Structures are given as C-alpha cells and as structure tokens.
Amino acid sequence: MGDDSEWMKLPTDQKCEHKIWKARLNGYEEALKLFQKIEDEKSSEWGKYLGLVKKFVTDSNAVAQLKGLEAALVFIENAHVAGKTTGEVVSGVVGKVFNQPKARAKELGSDICLMYIEIEKAEVVQDELIKGLDNKNPKIVVTCIETLRKALCEFGSKIITLKPVVKVLPKLFESREKAVRDEAKLLAVEIYRWIRDALRAPLQNINSVQLKELEEEWVKLPTAAPKQTRFLRSQQDLKAKFEQQQAAGGDEADGDDDDEAEVAQVDPYELLEAVEILSKLPKDFYEKIEAKKWQERKEALEAVETLTKNPKLENGDYGDLVRALKKVIGKDANVMLVAMAAKCLAGLAAGLRKKFGTYAGLVVPTILEKFKEKKPQVVQALQEAIDAVFLTTTLQNISEDVLSVMDNKNPSIKQQASLFLARSFRHCTPSTLPKSVLKPFCAAFLKQVNDSAPEVRDAAFEALGTAMKVVGEKAVNPFLTDVDKLKLDKIKECADKVELAGKKGGGGGGEKKEKPAAKAPPAVEAPAKQSGPPKKAPPAKAAGPPKKGKPASAPSAKSKKAPDTKEIVETELSPEVCEEKAAAVLPATCMQLLDSANWKERLASMEEFQRAVEQMDKSEMPCQALVKMLAKKPGWKETNFQVMQMKLHIVGLIAQKGSFSKTSALVVLDGLVDKIGDVKCGSKAKEALTAIGEACCLPWTAEQVVSLAFAQKNPKNQAETLNWLANAMKEFGFAGINVKAFINNVKTALAATNPAVRTSAITLLGVMYLYMGAPLRMFFEDEKPALLSQIDAEFEKMQGQSPPAPIRGTKRAAPDEEGDAAEEEVDSGAGDIMDLLPRTDISDKITSDMVSKISDKNWKIRKEGLDEVATVISEAKFIQASIGELPLALKGRLSDSNKLLVQQTLSILQQIATAMGPSLKQHVKNLGIPVVTVLGDSKPNVRAAALSTLNTWVEQTGMKEWLEGEDLSEELKKENPFLRQELLGWLAEKLPTLRTVPADLMLCVPHLYTCLEDRSGDVRKKAQDALPFFMMHLGYEKMIKAAGKLKPASKDQVVGMLEKARAVMPAKPEVPVKAAASKPASSAPAAKPASAPARNQSPSEDFSEPEPKPDTKKAKPAGPAAKKGVVGKKPPVKAGAKDEEDRSGPIFILVPNGKEQRIKEEKTLKILKWNFITPRDEYVEQLKTQMSTCLPKWLQDELFHFDFQRHVKAIGAMIEHMEPECEAVIGCLDLILKWFTLRFFDTNTSVLMKALEFLKLLFTMLSRKNYQLNDYEASSFIPYLILKVGESKDGVRKDVRAILTMLCKVYAASKVFPLLMEGTKSKNSKQRSECLEELGCLIENFGMNVCQPTPAKALKDIAVHIGDRDTTVRNAALNTVLAAYNACGDQVFKLIGNLSEKEMSMLEERIKRSAKKAPAASAKQERPQREPPANPSATFLRKPAQEEVPNKLNQARAQNAHLEQSTPSIPKEFQLDLDVFENNHTCASDIPDLVQHKLDEVLEPVMIPERKIRSVSPHFDDIHNSTASTINFVISQVASGDINTSIQALAQIDEVLRQADKAEAMSGHIDQFLIATFMQLRLIYNTHMADDRLDKKDIFKLYSCIIGNMLSLFSMESLAREASMGVLKDLMHGLITLMLDSRVEDIEDGQQLIRSVNLLVVRVLEKSDQTNILSALLVLLQDSLISTAGSPMFSELVMKCLWRMIRFLPQTINSINLDRILLDVHNFMKVFPKEKLKQLKSDVPHRTLKTLLHTLCRLTGAKILDHMSMIENRNESELEAHLRRVVKHSANLSGLKSDKSSEKGALRSDDKMIKAKVSDILSEIFKKIGSKENTKEGLTELYEYKQKYSDADLEPFLRNTSQFFQSYVERGLRMIESEREGKGRIQPSTGVIPQHSTDSYLPGSSTVPVSNNGEDMNAAAYYERLKILRKRRGLENSTPEEDRPPLSSLRPSVASSTDMLHSKLSQLKESREHFQQEQSHSHSPTRSSSPASNLDDLKKRLERIKSNRQ
C-alpha cells in the first residue's frame, strides 16, 4: 500500500504516464471525469494532455487501455487543441487498438477516428487508415477497412476522398485473408452507393468471381442518392437543416437529394492511374509508319492503338506521334489505316483530356477534310476522333478550322462539319458559346439550310436547333431574321428533340438550377407579384449564370426578349391606316393644317402636334402613323426653316418617347439626311438622328444614314453626316458598328474634292481608331501619301486616349444582359474589323522544307528559314488562322541558343499577331505561352522583345485565353527571377483592365505567395504590386484561404501583405457599377442577396478545392443574414482544417542526384555557401526551399515553426523514421545537418538536447552503413557543432564530445583536426579547452599523421595555449602536447618551436608525471574503460562522453580502445587493401600509415651493439632518429586522396632529394616512397581523372610533382638501386599506363607530360638495380600477355624497355644476378612455352626473349649454364635445352666444344663403370654434405666428381630436397671453384672472402639439408635474412661493396609492392628484436655458440613476430 499511497498523491496528468498500470487506470478515470467537466473548449487544461493522448490509446495494459480510449474520445470531442494530436493518436489506434481481441476496444478506436473526422481532420485520419491497410496483421487491416466504410457511410464522399481508397481496393481483393476480402467487398458496395458506375473502371481487373458478386450486390442497392448523416463541426447549419427535413419529410428533402447527387458526381477518370505510353512505342514506329507496305503501317498503328486504349495517359510530348497519325489520316490511301489512325487519335485525346488541347488545332482541319470519305466505318472513326478532340479544347479555338470547311464543295464534309458542331454544342453552355462565336456559325448554317443536298440541310437544322436549346431563342433569333417560318419551325422542332450532355431526360438545366433559388420564400413570391415580363429577370438570373452554366429557363428567355421583338416585327402601314391612327391621337385642327399653304398655319399645326406627342403615353403612340403624317406633303421639302426645325424636333421626340421601329425610321431618315447639312436645321436633324439611333440601335442607323448621304451629291450633307457619326460613336460606343457597310463610303469621302468632306472623314477615322486601333490603318494603306500622313496625324492625336464610356444606347438593356453587352462590345470592336479583311491562307506556303530549315543544326540555315517565314507573312498582309506546322517550328526557336534568332522569332510572332487578328486565340496555348517562357531570358533586350510580343498578342486575343488552364501558373512556378518579375509586372498591368477572369487564375496564387518571399528583391516588389489586382478578381476571402496552406512563418508574412493589399485594392472596371445600378431596378429585393453574390463569384468559384459545399450553401440561404454567416465563417474554418496535412508515409523523400545537384550549385555559387557567424534569413529561406523537395510539407512546417515545441516534435518524428528510411536520410543528409546547425544557435536547451540525441543516433547509423561524409556535408556542419563544445551545460558538452568521437568513424580524422584547430581560436575558454582535449584524443588514437597541415605547424599552434590564462585551457594544451610526445618522442620539442622557460618547465613536468603514471595507465587500459583516470591530465580516454553514447557504441568504443592501446597485438595494420582504397573515394585520404605505428611499444627498448664497421654516413643515426618519423609521415601523405595534401608532401620530399647532403636521409625509405607514389598514380588514374568536379589543372600539377620527384630520385644511383623488384614492377606498370592514358592528352600541356614520363622511364631503366629492373620487366611482360583486358600497346612498351635493357647488357652484365634473371625467364617460358608464344598475334615477345637469351649467351658463354641453380627440375625446363642449343652453335665457344667432346669420349669409355656405380657414389657424397661434420668434404668430392663427369645428372638427388639445400650446394660448389681457380666470382674486386664469411653460409643444423621439415628450413632462411639485415645496419663485418647481390636476393623477389611493404616492416621489427638478442651473445664474427639452441630461440622469436602481425 505504501506504493499506492505514493502515486495516489500525484496529479492526474502524472498518473496517466506512471509506470504502474493501476496508477494509469486511475489517472485515465480522473482525466475522463475532468474532461467531461471542462466547458470551455479553449481551456488551458487541455494543453497539459496534448502529449499524453497517444499514451491513452496505446497503453500496454488492456484494462487501462480501455479506459484510456474512453478518456481520449471525450478529449477529442471537447478539446479545441485535439486536432494537433490526430496523426499520432490515429496511428496509435491503428497499431495498438485495432489488433485487440476486445470488440469494445475496436469500437472505441473506430469512434475516435470518426470523431477526428468530425473535427475537420478527415485527411489525416484517412491517410493513417490507408497506411494501416499495409499492416501484416489481418485484424488491423479488417478494422481499418471497416472504419473507412463507416466514415464514408456517415460523412459521405464529399468529406472522405475516394480516390486513394479506390486505388487500394484491388489490392485488398487479392488478400489471402477471407475476412479482409469480405470487408473489402462491403467497402466497395458502400463506395458504389456514392459514386455509382465511376467505380467500375478501377475494379475491372479484379477476380471475375469477385466482380460478379459485387455486381449482384450493386444491383440490390436503392437508386435514391445516399445522404450525409453525420456532419463536420463547420456543417452544423447543414446538420440542423437535415434534422429539420428528417422531421418534416416531403418534397424539399427530395429536392435536396437531387442536388446532393449532382454535386457528389465523381468522374471515373479522376480515380484512374495515368499510364506512360511514349516510351512503350515500338522503336521502329516512325520508320514503319512511313513504310511503303500497308501491312507494316498497320502493324505500327496496331501497336499505338493498343497503347491508347489506356483510359488515362501520362502527360508528355506527343507532338511527333500526333503528326504521324495526322499524316496517315490526311494522306494514306488505305481507308482501313485511316480509320485506325482516327481511333488512335480518339484514344490519345480521351486519355490526355485537356492536355491534348495543344494538338487540337493540328488535327481538326485534317479530320474535317477527310470526311469526304463515304465508308461508314471511316466516317464513324473520324467522328469519334473529332468528338474526343473537341472535349480537349474550346469551340473558339477550332472555330476557324470548322468555318473554313462550311463552304466546301463536298456535301459530305459540310454535313459532317454541321453534325460535329451540333454534337459539340451539346457540351456547351451559354458562357462557352457566346454570341461572338455563334454568329459566324449561324451565318454558315443559314447558307446550308438552303443547300441542294437534303443531308446538308438536315445537319444545319440540327445544329441550329441544338444552339437554340443551349443558349435560348433570344440569343439565336437575331441571326435568324431572314429565315422563313417553315424553316424556323423546323429549327424549333429540332431544338425540342435535343438532349444536352449531362442532363437527366430532356429537361433544361434551368429547371434544376432554379430549385435552390425557388426554395427561398421571398424569391418564390416575387414573380407572383410582378406583372410585366421584364420583372421576372432577377429570379431567373439566380438560376442561370452560376457555375454549371446551364441555360436560363424558357419563360425568362422569352421575357427578356420582349422589348426587341416589337421593333423587329412592325410592318409598314398604308397611308389610310396611318391617317386613321394619327387622327385618333392628334387634334383635328392639327391634321387639317399639316399641309396648309400658309407657313404660319403649318407652324401652328406643328406646335399642336408637338404638344400632343409630349402628352401621349408610350403604349398609345402610333409612331409610324405620326412620322408618316410629318412626311406628308410638303414633308421634307418644307421651305420654312421654323416649321422644318419644329418637324425635325417632333421626329426626335417620337423616337425618344414611342416604340420607334426601323420601319418608322426608314420613313424619316432620307429627309433627315437631306437637312443635316442645312445651316439652320442641321443641328435639329442631328438630334433626331441621335434619337433614332438610340431607338433603333446605332449600327443600323449609321449604315442607313451613311449610304443615304453618299447616294446624294451634296458635300455639305456628306461632311455633316460623317461628323454626326463620329460624335454618335463616342456617345453610343462602338458595339455592333458594321464597319464594312460604310468603309467604302469613307474611302469615297477621302477621295472627295471638297476638303470639308475629307476632313470629316479623317475625324471619323480618328474616332474609329479609338475603338479599333492599328488594324484600321490597314484599309487605307493604298491611299496617297499626303492623305495617309493626314490620317496618321489624326491617329497620333488619338494615341494613348481611351474611348469614352457610352452614354446612350444602353437604356433598354435588361440588367442581366449587361455582361453580354459588354462582351459584344469587346468582341465586335476587335472582331468585326478583322472579319472584314481579305485573308490569305498561307498554310500551303509553309512548306516542310521551310519547317526543316527552321529546325536545322546550322544557325545560318535556321535564320534563312525564319527570313522566308517573315517574307511570306509580310507579303500576305492578312492571314488565316491555319498556318500548318509553323507553330511547332517557331516554338523551338524561342529556346534557340542564338539570341538573335530568338529576337527574330519574336518579331515574326508580332507579325503573325497583327496579320491574323482575333483568330490568333487558337494559337495562345501552343505558341503564346512559350513567349512567356522567354521572359526568363537573362538578356534584357530579349525580355523586352518578348514583352512587346506578348502585348501585341493580347491586343488581338484578349486575356481570357492566357489565364485559362495551368500554363501561366506553371510558368510562374519556375524559379527564374527574371521570368517571375517580368510576368508579374505584366499581370499587374493587364489584370486591372479586365472585367472578369477565368477561375484558373487561382492556380497562380500559391506561386504568387512564393514570389512574395523570393530571394530576389525585384521579384518580391513585383509580386507585391500584383497582389491587389489578384485580390480584385479573386476576393480577399479566397486569397486568405490560399494563404492558410503556407508554412506558419510564411503565412504570417503573407497575411500581413494581404491586409495591406486589401486597403489599396482597386474596384473592377465597370462591372461593379452596373451591378449596383441594377439592384434598385429589381423588384425582388429578397431574392437579390442570394443571387447577386452567386453571380459575382461564379467565375472564380470553380477553383475552390474539390469540395463544392460552400457553393451549394451559398445558393440556399434565404436572407442576406444567412448568406453573410456562411461566407463569413466557412472559409476560415475550412482553411484551418487543412492546416495539418498528411503525416503518414515516409518523411524523408529520396531525390535522385539531389545532393550532387546541391553540391554543384554551391560550387558554382548559384546558391549561398553555408558559411555564417549567425544564420541570416536568406540562409533559412534557402534551406527551406531546398528541403521542400526532400520532406513532406507538414514536417517542413514543423521544422521552420517559430514554436520550439514543434521542433522537438519534428525531431522526435525524424528519430522514429531514421532507421527504416536510412537511404533517404543519407540522400538529404546535408540538409538535415544544416537544419541542426540552425538549432545550435537556438537558446532552448530542450531542443538542443533533442537535437544532440538525434545526431548521436544519426552518426551511429551512418557508421553502421559505412557511410563517409563528404567535404560539403562536413564543412556545413562540424564547425557549428564545435561551437557547442564550449556550452556551459555539462550534458550538452558530453553529447557534443560523444558526437565528435563518432564523427571520426564517418569522416577522416585528419580533416576533423583543422576544424578543431579553428575551434581553439574561440574567445570561449571552455570551447578552447574542449577542442584541445579533442585534438589530444585524435593524436592519441590516430598518431601524428592527423596533424594538419603539418605536425610542426599544428603543434606550434597548440603550444601557444600552454600560456593561456585559463587553467583548463593550459591543462588541455599540455595534455595534447603530451599525446604528441607519446607518439613521436623527443622530436616533439623540435616541432613545438620555442617556448618560454615557464611553459617549457610546465611541459617537462607534465611529461615526467605521465612517465610515472604510465604503468598504471596501461593496466587500466586493458580493462573496459568505465571509470575516469586518477590523473585527468595523463590520458584522453573521453570517459564522460562515453557515458552518453548508446550501449552498442560503448562496446564498440571499448573494443577499439582496447585494440589501439594494448601493447602485444598489432591487428592487421600493415595490410593495404588497394581495391577498397581505389574504389572508395571518400576514404582516399585515410591511407594506412607506413611507419606511424608505435614500434617502440611493440619492441622493448634495445641497446644497439657496437658497430664493426662505419655507417654509410657518420651522421646517419642522428639523421635517422630525428627525421625518420617525419619522412614516414610525409611519405604517407604522398598517397593522400586530397590533391593539395599530396602536392605539399611531394614538394617536401623534392626539397630533400635536390640537396645532396640531405638526400641520404631517404635511404631505407625508397620502396616506401615508391609504393606511395604509384598508389597515387593509381588513384589519379581511377578516381581523379574520372571526376568531372576536379580541375584538370590540379591533376596536371600533381602529375608534374610526381614525375619531378621520380626524376630527382632516379638521378641518384645509390638511392635508385634500393628499389626492389616488386616495387619497380608496379612503378613501371603505373608509368606505362600513364603514357597510354588518352585522357592526359586532353589536358593542357598533356603531350609535354607524356614526354617527361618517357624521360623518367629511361632514367629508371638506367639507374635502377639492373637485376631488379630486368626481372620486373620480365614479370610485367608475362602479366600483360596473360591479361586479355590490357592494351596491346602496353605489352609493346614493356618490350621496348626490355630491348633497351638488352642493348646495354654488355656494360651491365657484371652487375646482374644471372641466376635470378634465368629463373624469371624459366617462369616466363613455363607460362608461355615456345608453341604458345608463336600463337600470339605478334611475334615480338618471342623475338624479345630469344634476343635476351642470345645476348646473355654471347656475353657469358658456356658459363651461362652454371647460373640455373635456382630452377627446379632443370631437365624439364625448356630454357636449359634452348641455352644448350645456343651455346652449342656459338662460334665463340669452339674451344669449349673440343673440351666437351673429350669429356664425352671419357664418359663413353667409362660408361659401364658410371652406370654401375654412379648411384652409390653420389648417394655417399650427398650423405656427407648432409652431415654437419663432413659437409665441406662432401662438397669438395661433389665438385671433383662434376669436374670429371661434367654431364652427370644430379637432378634425381636434388629433386626431393628443399630450395634452400639446392642453393646451398650450388653456392658451395662455386666457392670451391673460385678458390681453386684463384678467381673471385663472388668478389671480383680484390682479396678473398674472409673465412667467417664463407662459414656463415653453412646451415646451422645438421638436419637441414636432407630434411623435408619446412619449419627448420624456414628458421635457416630467417637466419640468412637476419645476417643480411645485420650487415645493412653495420652490425656485421662485411666488405663495403659487393658486386654480387646479398644472399637474400638469390631467393625469388617479392611478388608485389604490397608484399614488399609487409616484408619491409617485418624486417624492421625483426632487426630490432635481433639487436636486443645480440647483446647477450659475443660479438664474434663467427657462430661459436650452439647453433641448435640459437636457432630454436630464433624460431620462437620469429614465430612471435609473425603472430603479432596477424
């Protein structure tokens, strides 16, 4: 109970995480009660449990877990902050709850998931559940599926995104677990409820039985659309409505059903995965498609057809494929192939959808032309193709192509074109089929309804009927004025039959759309109260224009049309009827006096007439009757100006007040025009004309007036008519003006003799120029220059002016027609003028030859091609939209490397824009957008040209096409500062002028926000300038919502800018004014608030995510208050809901070559180098940008959040994912390390500790993966880590030291050293001391070679700190120098330079103390290091740091420390793994060191025996002792992977070699130096030369240093002769490889380098030991001939070297050990016998060998045969036979021949005796040689026997003996021969060998010669080697020079340099050990003591050395 009482006292939150389950259970119960009590959802109490909720659900105790789940559910339901826990809690539920056996636990887990969905976290929950579907535990999978199904059932498909769920369904159906399959089936049924047939396509490939079962289940489902039954927190208003409907029932709910179903409709295409097909095309497709045989073309098309059957295709460049298919359709004679190609195109279009739009213009004309084919299957295929293509583009884009074939002579083409349009119209809406597009089509159809072919007529009727159905009668009727009633009825009949796409039954969309508006009671009442048809417009408007673009209902269309129809249908009345009607409204006196002869009476009559008109009501006024009365005699011939003025005034009055028709106007116009030039009446005539213009529309009036004026000859009337028209245009605007109708009259006026007429015409042109711009001038280019200059002057006056807003002609437009009117105005202004121009089709002139020229490789030919295009366009002046393949060709030139051609292309595009006019719209996507890309060019003049081109294009096309689609946002996405600033500047200029924009502008907003934070100040400025104009069109709410998706830091900044932009946001041009004006006119005030906002937002509302909920809600609320509530609250809530994104899946994303790219960018200074004192904002932003591709957005938000707790959480997530995602971690390691460097500058300790925890785990993982940091990663991290080593908190320091320790496993210690040295310069004393201690550790663990740049420099800098004021720094510095002293002894005093007396005494004292402590320290080191040492200054074992390292690390460190410190063992440190070294670039600098190992510790200190002879140099010992370790270190650096390090080392050695007095210091190091050199050569060859990042000049410099050193070395014969055979072989191999390296020639001065190598090779051949070099060349030749991979040139060069050696043999023969050379030749001939040599491609190897042997025979004669002592089985050797043949046939050996013949005679005479006794004699002799006592006697007898029987065969007796014994016998025989003949073969100089020297060759044991005991032989061999070593060291008397090499050289040489290295080091250790042993023996030159005992002792010692080496 004691324990219970303890935890009972704890607060609730601490109980919840207690280790005792009962405590946790109690905690959960208390938490549950607490959560139920807290009423405030934002209470701070919730925050305490944020981090604990995951533990609630993942409790290990089942009972506690159940209670924890209940508590968690209440927490999530009530806490405002619960959303933050979604990812971790749902993940915990999936992993730890769904696998529980208790149903209650699963149920609670499921409820928790659903509750998270309710609090707006659907996406996170869904992703965690989908992740759970991959779990291996089927229980978890089943529960995840069940929870998804519940969520979908309750929340519906709007909340639960179905695409990812549908994607995993097929995989679930394949599960082995039946429970999973069954649950998947239920889920599939539930999904089908919501999306119906859209689910079929994704499931088409599942098991047929399962599919059949599903089909059966699907059939059973009710047809009624499902309803959402559970609602999000933000949908509470919907919830209330749903509950209300549930209670009420009835029609309203049904209405909702339909609406819901429509909204939730899912496109099956969206659920499919895109397939990439371009790479799967047959490789020979493009050849086959051009083949002559139709079968081959068919094969090619079949392959494509199969691929295009995929329902969704990956985007790509399909240009070539589309062109190939187009060619087949257009030109292939085989109709079957045409049909196949059409099917392929249809498949491509259907699979790519909108992405195919670029190619639509390319194929549509070809398909239309091909409709001339009669075969049904071809026609059907073409129809399918063109229909599919239409869905990828807009009608506007292909209208030119279709219109061009409407007049075709072939009736089939006309028919199919009309039918295609009819089908296309069904997919249109009133907004996508504006009047401007419909007008030219209707004109074409009207021609076709009169066509002679009935099928053409029927097709035209169908097309017109469809158009009428889509846009309503009102829109189409103006185009059908000339159609008779019969045909009109036929069109209407067709319209009734049409079913539009996407409609249920034949009902119009208007009915469906009216439902939301109709639900609002005030809106329903409004129409009932209104009397006139126009009043119905407002309610209809709420239904018509919203998103889906359904046409308005029929009643509203009719009502809007009413005012216009009266004007059109008025017929002409007879004079009698007119008089009757006039008499009814005019006073009788007025009627009588109208034609009075007295002008005063006529004037009085006019006055009465005027009064009557003024008092008349509009509906009662018979306008036609009245004007006809006015025209009655005298009519317009009235002579009295007063009467005439009054008459003209009355005409204006009637036109203004009455329903004045064109019929009435025609009565008066002639008279008005006649009086317009009158001085007194002209102004009244103009007023009347203006009134008529307002009544009958200006375009018609102007056309009539101008034609009437120019039908007269009165120049005054003509001039005034033109003046009136100019003024009227300003008042009425230019909308609908038919320029074509009077352009000829204007030309007539310009040619008039009367200057007033000309002036008026020019003024009129000036006004027209305001509206039409530059194209107007094109009509008058043929005028006389003088006149043209006047016109230009007028145009110049108007330049820059904008046309005035129209003040007349708008009063009759219904409020909702204004948008259309505005569109008409724009379209007609730009469009009609261009329609008038005679256009040339230049597609035939754009030949394939011209296109190929434009794409040629030669820029001059490309320029020619462009010049030709420019010529074609300028000659044509006005061109049609069809320009063949020119767009693609010009697009390629916009990215031309030659900027002049880019500019020329831009000028051509400007030409095209001006020449093509509005038809240019269809080329915006494929040719206009690439111009935007050019704005990113670095040259300002190119950018200026691109901007000018853009503006020229926009003048013709308008902005709509540019803003539609993703193209502009994709351009803005590119991280090009020039492109961004120019594009944003351009948009800022254009957007304010637009009335509406496409919804796709919203796609640019995220990139606009990115630009607001761009590194470039210009980009930021332009983005800020553009912000208000984006907001003007998209609205503040949408912009804020989009900002919600930004990272928190960015969001705050952007929101601030949005607030500023909101303050300066301009109003939309004109539209808002009109909207305001229209509101008072409405008599349905309650309906307006619902409808007006819907209309205003419709253009951009489409964009608002995939959730249409806000839209449906916006249309439904009844009053303004309800509307406001929805708009005000919903978007912010939704934005908040989307703040937290998907947190499932991997968090480290592997980007291929991402790191390499970043390294490259930093090297080329494209990005900032990571180098700072404190991190500035630009560094943080740069890192943020770089990380965006490697980490998910949510993690990035956490990492760069201002709240440190988010950082801790993010690091926790990274720790969890590190191990499973280690590859991706390594891929973005540089970014991770950089982010942690930022954390080192934070002041928060918890973040820092968490960061260090992560880093320890990270480096552990990297070490385990054997990963090596590169310099880029290290330099951006280690310096900042070192800053924290001086942290005041012990815990932090320990962790940093631990990390530094681990660092040396993943990064070369020699590179960490300089960084730590930099750290010692800090002002922080703690940092200095810690860095110094770390340096001491490095020196202790890795030896002196870590000291960079040189030990002297490093130690001098360290020694400076011995005088530091801070005690810890002083101690650390002393300890570091002590570590150096332990490594290199007294030499350290020279390295540290001069110290003050005080500092020196401190150092000496420290060294003395350490010497006393050493034994204790070493004893401690043998045990695992757990405790800190007694003397902290005596060791660097970093124990505090180790305590923090994880256990595995601890063990590894302990083992490493044990290996490093333990005296007896030397673990394989002398082995050099060359392959690893060459292939592992990162480790290149960590070459194992040669003499850096502590041999002083391996061997006890020795006393060197007194020398018998002088050393080579009297100062050699001193030099050796002081410089040996330095030379060793420098040589080790020669092989460094770092070029600069290697060059420095070579420079130091070169300095030594160049000074004769110092050069001897290199003696004994030559092999070591040569090994390092050729290792460097191999490194350069394999690594550096292949590395593009390295500067080739550095490599050349390194080569130069190496060759210079070698030349210096091989100019000194004494040093050169030290090089052993194995080393020379490898050196020659490296040099010859270098000579053959073709890459060297590419380096500057490469040839000079090769010449230097050539010189070096010659020097090596001359100066080296001749035996070694000859032997090396023979072995090298053998290797090169065996290797098949090698270059034949290699063998050739080796043989050239051999020939050179042969040439000098006469001079060098005496210094060559022939025995070794012949052994090498023998080995060569064993590998390459004579037959095999002759089989080689070249006979040179054979000739080389023969020449060598012949030369040797010629120089030595028969004695050559005595030098074969080292060859086993001589009789079997091909060499001996060859030599004997050579000797035998040599003329120089004739004397020898006679001797031999006498010997042979003697042999023959004694033949019998030999045969009988030879065996016995030789056996006796060899027994004597084998015995210790008689060995000399035996050798003498053998010599005499051989003299007597020179051909005696000793082979059988020597065969079973060891190599050593054979050598011993041979040597003995030679010595006896030399003694007897008086010649010193062994020492040919003077004197004889001393006795002891001869004796020394005897074996030390009697058992050796005949024994096969290898161990004894080895001992003897070692003894021989020992003697040689003693001689070399001056410890054994010997003659100063020996021409013959030492005995050891008689043995085969070391095979390779690696072995040589082992040998060299072992010899050194052996020699030292032997010196020690020798002290206890006499220094007698002979072996007087017991040889056997000495040998045993020697064997043991050598065995010990051997075991230590392993």
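Thresholds, definitions, all that
Residues numbered from 1 in each chain as written. Predicted model: local features only at pLDDT ≥ 70, side-chain atom pairs only at ≥ 80, totals over all residues. Heavy atoms only, no water. Helix = DSSP H or I, 4+ residues; strand = E, 2+ residues; numbered from the N terminus. Buried < 20%, exposed > 50% of the residue type's maximum accessible area, 1.4 Å probe, protein only. Contact = heavy atoms within 4.5 Å. Areas by Shrake-Rupley, 256 points an atom, 1.4 Å probe, with all protein chains shown as cover. Arc of directions from axis to C-beta. Patch = residues over 30% accessible without salt bridge, like charges linked within 9 Å, V, L, I, M, F, W, Y side chains within 5 Å. Salt bridge = Lys/Arg side-chain N within 4 Å of Asp/Glu carboxyl O. Lys, Arg positive; Asp, Glu negative; His and termini not counted. Charge placed at Lys NZ, Arg CZ, Asp CG, Glu CD. Expected span 1.5 Å × (residues − 1). Disulfide = S-S within 2.5 Å. Axes fitted to C-alpha atoms, helices over the stretch in contact; angles between N-to-C directions. Parallel < 35°, antiparallel > 145°, perpendicular 65-115°, else oblique. Nonpolar A, V, L, I, M, F, W, Y, C, P; charged D, E, K, R; others polar. Phe/Tyr/Trp six-rings, centres within 6.5 Å; stacked < 30°, edge-to-face > 60°. pLDDT = per-residue confidence, 0-100. Left-handed = near helix turned anticlockwise from the far one by under 90°.

1. Considerations on the overall build of the chain
A count of helices and strands for the chain gives 106 helices and 0 strands. Going through the 2006 residues of the chain one by one, you find that 51% of them count as buried. Counting contacts in the chain only where the partners sit at least 6 residues apart, residues at least 24 apart contribute 75% of the total. When the accessible area of the chain is evaluated, it comes to approximately 91600 Å², of which 52% is carbon and sulfur surface.

2. Topic: unusual backbone geometry
The omega torsion across glutamine 1348 and proline 1349 is 0 degrees, close enough to zero to call that bond cis. A positive phi is found at asparagine 1266, a non-glycine position, where the angle reads about 60 degrees. Mapped onto the fold, asparagine 1266 is located in the loop between α68 (1245–1264) and α69 (1271–1275).

3. Things to note about helix α72 (residues 1309–1319)
Every buried residue of α72 is accounted for by Ala1309, Ser1310, Val1312, Phe1313, Leu1316, Met1317 and Gly1319. Considered in projection along α72, the buried side chains sweep an arc of 145 degrees and stay on one side of the axis.

4. Considerations on the side chain of serine 969
Inspection of the secondary structure puts serine 969 in helix α52 (residues 967–973). Setting aside its immediate chain neighbours within four residues, serine 969 contacts Leu1003, Cys1004 and His1007.

5. What about a positive patch on the surface?
Taken together, the side chains of Lys1730, Lys1734, Lys1746 and Arg1781 define a basic patch exposed on the protein surface. Positionally, lysine 1746 belongs in helix α96 (residues 1740–1756). Its relative accessible area of 37% is what places lysine 1746 among the partly exposed residues.

6. So, helix α39 (residues 698–711)
Residues lying three or four places apart along an α-helix face the same way, a consequence of the helix completing one turn every 3.6 residues. A rise of 1.5 Å per residue sets the reference length of α39, with its 14 residues, at 20 Å; its end C-alpha atoms lie 19 Å apart and thus fit the reference within 8%. By the burial criterion, the buried members of α39 are Leu698, Pro699, Trp700, Thr701, Ala702, Val705, Val706, Ala709 and Phe710.

7. A closer look at the pattern of salt bridges
It is possible for side chains of opposite charge to pair when their charged atoms get near one another. A full pass over the atoms with the stated rule returns 65 salt bridges. Of the charged contacts in the structure, one is a salt bridge between glutamate 299 and lysine 288, with a shortest N-O distance of 2.7 Å. A residue pair is termed long-range when its members are at least 10 positions apart, and glutamate 299 in helix α17 (residues 294–308) and lysine 288 in helix α16 (residues 285–288) qualify at 11 residues. The partly exposed category is assigned to glutamate 299, whose relative accessible area is 40%.

8. With respect to the environment of alanine 1063
Position of alanine 1063 among the secondary structure elements: in helix α57 (residues 1048–1064). Given the relative accessible area of 67%, alanine 1063 is considered exposed. C-alpha of alanine 1063 to C-alpha of proline 1028: the two residues are 35 residues apart in sequence and 8.5 Å apart in space.

9. Notes on the state of the cysteines
One pass over the full model with this rule turns up 0 disulfides. Note on cysteine 144: no disulfide assigned, nearest cysteine sulfur contributed by cysteine 113 at a separation of 7.6 Å.

10. Describing the packing of helix α34 (residues 599–615) against helix α35 (residues 623–630)
For the pair α34 and α35, interaxial distance at closest approach is 12 Å and the crossing angle is 170 degrees. In terms of orientation, α34 lies roughly antiparallel with respect to α35. Contacts between α34 and α35 involve Met606, Phe609 and Val613 from the first element and Leu626, Met629 and Leu630 from the second. Within the contact of α34 with α35, the residues separate by chemical class into 6 nonpolar, no polar and no charged.

11. Thoughts on the packing of aromatic side chains
Using the criterion set out here, one finds 24 aromatic pairs in the structure. For the ring pair phenylalanine 425 and phenylalanine 441, a centre distance of 6.1 Å and an interplane angle of 65 degrees mean the geometry is edge-to-face. Taken together, the residues phenylalanine 425 in helix α23 (residues 411–426) and phenylalanine 441 in helix α24 (residues 435–448) connect sequence positions 16 residues apart. Here phenylalanine 441 falls in the buried class, since its relative accessible area comes to 0%. Considering the side-chain rings of tryptophan 953 and tryptophan 962, the 6.2 Å spacing of their centres and the 75 degrees angle between planes classify their relative orientation as edge-to-face. One aromatic cluster in this structure is built from Trp1170, Phe1172, Tyr1179, Phe1241 and Tyr1280.

12. Some words on the side chain of threonine 1667
As for its position among the elements, threonine 1667 is in helix α91 (residues 1666–1682). Residues in contact with threonine 1667, not counting those within four places in the same chain, are Ser1711, Ile1712, Asn1713, Arg1716 and Ile1717.

13. A closer look at the confidence of the model for the chain
For the chain, mean pLDDT is 74; residues scoring 70 or higher make up 76% of the total. Across residues 503–569 the pLDDT falls below 50, and counting only partners more than four positions away or on other chains, this stretch makes 77 contacts in the model. Note on residues 1971–1987: pLDDT under 50 across the span, and 25 contacts to partners over four residues away in sequence or across chains.

14. With respect to the environment of glutamate 1253
Tracing the sequence through the fold places glutamate 1253 in helix α68. In this structure glutamate 1253 comes out as partly exposed when scored by relative accessible area, which is 35%.

15. Here's the deal with the packing of helix α71 (residues 1290–1306) against helix α73 (residues 1325–1342)
Interhelical geometry of α71 versus α73 gives an angle of 30 degrees and a closest axis separation of 11 Å. Between α71 and α73, the crossing angle belongs to the class labelled roughly parallel. Considering the relative orientation of α71 and α73, their crossing is right-handed. Residue-level inspection shows Arg1293, Arg1297, Leu1300, Thr1301 and Cys1304 of α71 in contact with α73, the latter providing Lys1326, Glu1330, Glu1333, Glu1334, Cys1337, Leu1338 and Phe1342. Classifying every residue of the contact of α71 with α73 by side-chain character gives 5 nonpolar, 1 polar and 6 charged.

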